[in-house]
Amino acid sequence: MKFAIATAFAAVAIAAPLSSYAQFQNADAAVKYRQGAFTVMGAHFASIGAVVKGEKPYDKLSVEQDAAVIETLAKLPWHAFTPNSATPASKAKPEVWSEADKFKAGAEKMQAETVKLSAAARSGDLAAIKASFGATAQTCKACHDNFRNK
Ligand code: HEC
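How each quantity is defined
- Residues numbered from 1 in each chain as written.
- Predicted model: local features only at pLDDT ≥ 70, side-chain atom pairs only at ≥ 80, totals over all residues.
- Heavy atoms only, no water.
- Near = heavy atom within 4 Å.
- Polar contact = N/O pair within 3.5 Å; in protein donor to acceptor, adjacent residues only side chain to side chain.
- Helix = DSSP H or I, 4+ residues; strand = E, 2+ residues; numbered from the N terminus.
- Nonpolar A, V, L, I, M, F, W, Y, C, P; charged D, E, K, R; others polar.
- Donors = N, O, S within 2.8 Å, 3.2 Å for Na, K, Ca; no water.
- UniProt positions renumbered as here; feature names shortened; annotations may be inferred.
- Buried < 20%, exposed > 50% of the residue type's maximum accessible area, 1.4 Å probe, protein only.
- Contact = heavy atoms within 4.5 Å.
- Core = buried A, V, L, I, M, F, W, Y, C linked by side-chain atoms within 4.5 Å.

Caption draft 1: Spotlight on the site of the ligand. As a matter of local geometry, the ligand sits amid 22 residues, with Gln35, Ser90, Cys140, Cys143 and His144 nearest to it. Contacts to the ligand include Arg34, whose side-chain N or O atom sits 2.8 Å from an oxygen atom. Mapped onto the shell around the ligand, the elements with two or more residues apiece are α2 (27–52), α5 (100–123) and α6 (126–147). Broken down by element, the shell around the ligand gets its largest block of residues, 7 residues, from α2. Of the residues in the shell around the ligand, the class split is 12 nonpolar, 7 polar and 3 charged.

In structure tokens:
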């Protein structure tokens, strides 16, 4: 019985690993967190990009793993855009907060595309991976153009 309960809790923890969000001591910590999430996500995105551009041989498992990391990390940066966290170290434009609905829509669009990218990676269809990579990259660019300083 004890085992069954422990197993049930473990299953819940695995199914909803992001239901408890990180807490931030201050604005600097929030900025570091979101930039860190973006940086790691960007590295794995570039890794798939190299395959898409033909700079790296296609390896199904490796693309699948990159896509899974991206799908998970794509959920993280948003709650770290806490109020009053446009610190000097941050490249976020004030519009992140003044046009919060538009920013949120962009974040949701990107997350939806990363789910599709992950599915394409699991399918092993390189043409589908390329198409999905392009669609995801569009969502990165659209948001950066509007909400990130150069
Ligand atoms: C909805 C908006 C939005 C989307 C979508 C988005 N980003 Fe960003 N990104 C930002 C903002 C805003 C910053 C600046 C954060 C800061 O400096 O506080 C940023 C920063 C970054 C950085 C720099 C981090 C650093 O250390 O300064 C990288 C890398 C990055 N994004 C990669 C990506 C990739 C790759 C995607 C798509 C897969 C993506 N972003 C999608 C808004 C977005």
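There's plenty left to go through after this.
Caption draft 2: Representation of the coordination of the iron atom of the ligand within the structure. Looking at the iron atom of the ligand, one finds just one donor atom contributed by the protein, His144 (NE2), at 2.1 Å. By the secondary structure assignment, His144 is in helix α6.

Caption draft 3: View of the UniProt feature "binding site: heme c" (unreviewed entry) in the protein chain. Residues annotated in UniProt with the feature "binding site: heme c" (unreviewed entry) correspond here to Cys140, Cys143 and His144. Along the polypeptide, Cys143 turns up in helix α6. Among the residues examined, Cys143 registers a relative accessible area of 14% and is labelled buried. Discounting residues that sit within four places of it in the chain, Cys143 has contacts with Phe103 and Arg148.

Caption draft 4: Broad picture of the side chain of Ser47. Relative to the assigned elements, Ser47 resides in helix α2. On the basis of relative accessibility, which here comes to 17%, the residue Ser47 falls in the buried class. Among the polar contacts made by the side chain of Ser47, one reaches the side chain of Lys56 at a distance of 2.8 Å. Beyond its immediate chain neighbours, meaning those up to four positions away, Ser47 contacts Lys56 and Asp66.

Caption draft 5: Quick peek at the nonpolar core. Ile48, Phe103 and Leu117 are the most contacted members of the largest nonpolar core, which has 25 residues in total. Taken together, the elements giving at least two residues each to this core come down to α2, α3 (60–73), α5 and α6. Ranked by residue count, the leading element in this core is α5, at 6 residues. Sequence-distant contacts of Ile48, that is, excluding residues within four places in its chain, are made with Val63, Asp66, Ala67, Ile70, Leu117, Ile129 and Phe133.

Caption draft 6: Geometry of unusual backbone geometry. The phi dihedral of Asn84 falls on the positive side, at around 60°, and the residue is not glycine. Note on placement: Asn84 falls in the loop between α3 and α4 (95–98). Its relative accessible area of 73% is what places Asn84 among the exposed residues.

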